[in-house]
Structure formats: structure tokens, C-alpha cells
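Understanding the architecture of this molecule
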Amino acid sequence: MVSSNDDIETLAEEIEQARTALPHIASLLNAFGPLMMGRSRWLMEVQEDPKKIPVDPIQYHDGKPLSEQGSLFSPEDPWQSAGLAVAQAIALGFPNAARSMTALSSLIADGRVDCSSLITLSELDDDAQLTARAVELAMELEILLLFLRFLGRFLLTRIARDMADELAPLSWSKGYCPVCGTFPHLAILREHGQRWLQCGECGHEWKFPRLQCPHCEHEDPADTSYLFVAGNKEDTAFTCSQCQRYLVTSSRPAELHQSPADLIAITLAHLDILLQENGFTPMAECEWNTLGSPQV
Ligand SMILES: [Zn+2]
Ligand SMILES: [Zn+2]
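Residue numbers run consecutively from 1 along every chain, following the written order of its sequence. Chain A is the first chain written and ligand 1 is the first ligand written, with later ones labelled in order. Local features in this predicted model are restricted to residues of pLDDT 70 or higher, and side-chain atom pairs are both shown and tallied only at a pLDDT of 80 or more, whereas totals for entire chains, interfaces and linings draw on every residue. Side-chain measures here rest on the full set of heavy atoms in the structure, leaving out hydrogens and waters.

1. Quick word on the coordination of the zinc ion (ligand 2)
As a reminder of what qualifies: Only N, O and S atoms count as donors, using a 2.8 Å limit from the metal and a wider 3.2 Å limit for Na, K and Ca, and since water is excluded some coordination spheres may look unfilled. Under the classification used here, a metal with four donors is tetrahedral if each angle lies between 85 and 135 degrees, square planar if opposite donors are over 155 degrees apart and the others between 65 and 115, a six-donor metal meeting that same test is octahedral, and anything else is irregular. Runs of E in the DSSP output that reach at least two residues are strands. Runs of H or I that reach at least four are helices, and both are numbered from the N terminus. The buried label applies to any residue whose accessible area, calculated with a 1.4 Å probe on protein chains only, is under 20% of its type's maximum; exposed applies above 50%, and partly exposed to all values in between.
Distances from the zinc ion (ligand 2) to its protein donors, Cys-213 (SG), Cys-216 (SG), Cys-240 (SG) and Cys-243 (SG), fall within 2.3 Å. One can describe the site at the zinc ion (ligand 2) as tetrahedral: its four donor atoms subtend angles covering 107 to 116° at the metal. Donor residues for the zinc ion (ligand 2) sit on one chain with the sequence pattern C-x2-C-x23-C-x2-C. Of this pair, Cys-213 sits in the loop between β3 (205-208) and β4 (224-229) while Cys-243 sits in the loop between β5 (232-240) and β6 (245-251); the two residues are 30 residues apart in sequence, bridging distant segments of the chain. For Cys-213, a relative accessible area of 0% puts it in the buried group.

In C-alpha cells:
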């Protein structure tokens, strides 16, 4: 999929339309809109040099995502441009983080911060090292974590886009993402009622049986159902009483232009609140479906 300036303009219009139509999600759009825009622009910048990684079709068929078949990241990836794009977008979306993100942008631009070594820090799961790095960079730990999460997502989205043609003919029957191994944050029902699961980390989408739970693979109409909200037939949530998980779901059978999954998921934030109040847990936690305000 090649994107153009027109696609980016369309995305900006879609965000504005959502802001007008759904004022209750304005704060989420203010926070994450710049990140959606920044990621699209960055993906366009790096599309000349597609990233290809080897796939073993047999391991893939057995449910081993690309992330478990080898390393997804390498130091040669465009870390610095991704880091700059993420820092600029967070500065726009999160006013409290603007000062530290502007400072970080200068450090990245001068080559004094190496974003590929920063991401390895987040994979270590070592709080002491992360905290020390946050102190060194003079920023709050939460802000550094937000930056690292989106830095990883930008790079993963590039891989998912560049590998989509290779993966399309291969068979995948799991409820977690074939690229990065994460559970979906959204499902979209397209023509003939086919359910497409959406990965919130890398943006990959894959087909999955409509009545089966992607999280625990349980399939029994008695334990699974779709929750509807009065007056709206398009937006629902799949629920599984076996694992107590839910998946927000949008029905878009005849859509010519495919809206970005992140934007659709954010417009369903009211369903997240409702489901969580009823004791269900999201299949994948994202910043916009965890209860509470997005302000850092
Ligand atoms: Zn993924
Ligand atoms: Zn389940």
C-alpha cells in the first residue's frame, strides 16, 4: 500500500469530522490525532525503502508470528526519523510533555540520543534503567514510556505494511497478530460479514471466524455474543464469558475508503467504558481504552 499526500489530507479531514460529530471524544482526538498524522507522514517518507524479513510458511501456519521467527528490528531501521516524528507528535498532543519532547527532538537531531538503543531499554523491562534514563533525559518516566511505545509502534507499522503482500497468501488461524503477536484492539465487519481483526501495535489486519473468541479461541454461541447500543447498528462489541474479554467491533460492509483502525477504535471509546463497567477486559489495552484521561 503506497500512501500519498492526498491520503494524509483525507485522514486530517476524517479526524476533524469525528471531532465535530463526537465532541465527547475530543480530548482523545487532541491527544492521539497528531500521532496518527505523524505516523502516516513518516510511513510515506520511508516507503521508498521497504523492509523485508524472512518468513517460514510452516512456522507461520503453526501460529508463530514474525516476531517469534526472528528479530523484527535492526539498528539500520530509520530510528532517528521515527523518533523525531514521534517526539513532535507527542509535543502537539500532550501539552504537559511538550517541553521534554522538544528537548528530546534536539538531542535526536544532533545525534546525541540513539533511538534504537532507547527501544532496547524498553524491551528489557528494567524499571531501574528506564528511570535512570528518564532522569538523564530530564523527563518524567510516563512521558518516556509513552514515547517508547509509539516509537516501537511506528517501526512495527512499517514492517506490517511492507510485509503485507508476502503474508496475504499464507494461512493464519490465530486470534493474535501474525506480525507482532499482540491481540486485536478492534474488529471490522466487511462484506459478507467477514470479521477482520485489527492490531493496535503494528496496524496489521487478518480474517478471523466471526463467532470465535480471538483471545481464548472458544466458540460457542451460548458463551459469546455481540453487545449493541440502542440506536446504533454499526458499532458493537464481541464479548466472551469464557475469558471475560471483549472486542469493540465496527460494521462497515460497503466502505470504499477504509478509515484508519485507530480512529475507528477511538470513536468507540464509549463502548469501552460500558464493557469495562460490566466487568469485561479489553483483548488488547491501548491508551484510549484504558479508563481515565489521556493526559500525561
Ligand atoms: Zn501486530
Ligand atoms: Zn474468550
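There's more to say after this.
2. Some thoughts on the coordination of the zinc ion (ligand 1)
Looking at the zinc ion (ligand 1), the protein donor atoms are Cys-177 (SG), Cys-180 (SG), Cys-199 (SG) and Cys-202 (SG), and they sit 2.3 Å from it. Around the zinc ion (ligand 1) sit four donor atoms, and with donor-metal-donor angles ranging over 97 to 125° the site reads as tetrahedral. Counting the intervening residues between successive donors of the zinc ion (ligand 1) yields the motif C-x2-C-x18-C-x2-C. Residue Cys-177 is located in the loop between α9 (141-167) and β1 (186-189), and its partner Cys-202 is located in the loop between β2 (195-198) and β3; the two are separated by 25 residues in the primary sequence. Exposure remark for Cys-202: the relative accessible area of 1% places this residue in the buried category.

3. Thoughts on helix α8 (residues 127-136)
This is how it is decided: This arc corresponds to the set of directions leading from the helix axis out to the C-beta atoms.
Those residues of α8 that fall on the buried side of the exposure criterion are Leu-130, Arg-133 and Ala-134. Down the axis, α8 shows its buried residues gathered within 100° of arc, on one side only. What points out from α8, more than 90 degrees from its buried face, is the exposed set Ala-128, Val-135 and Glu-136. Of the residues trailing α8, Ala-138 is marked for its positive phi of about 55°.

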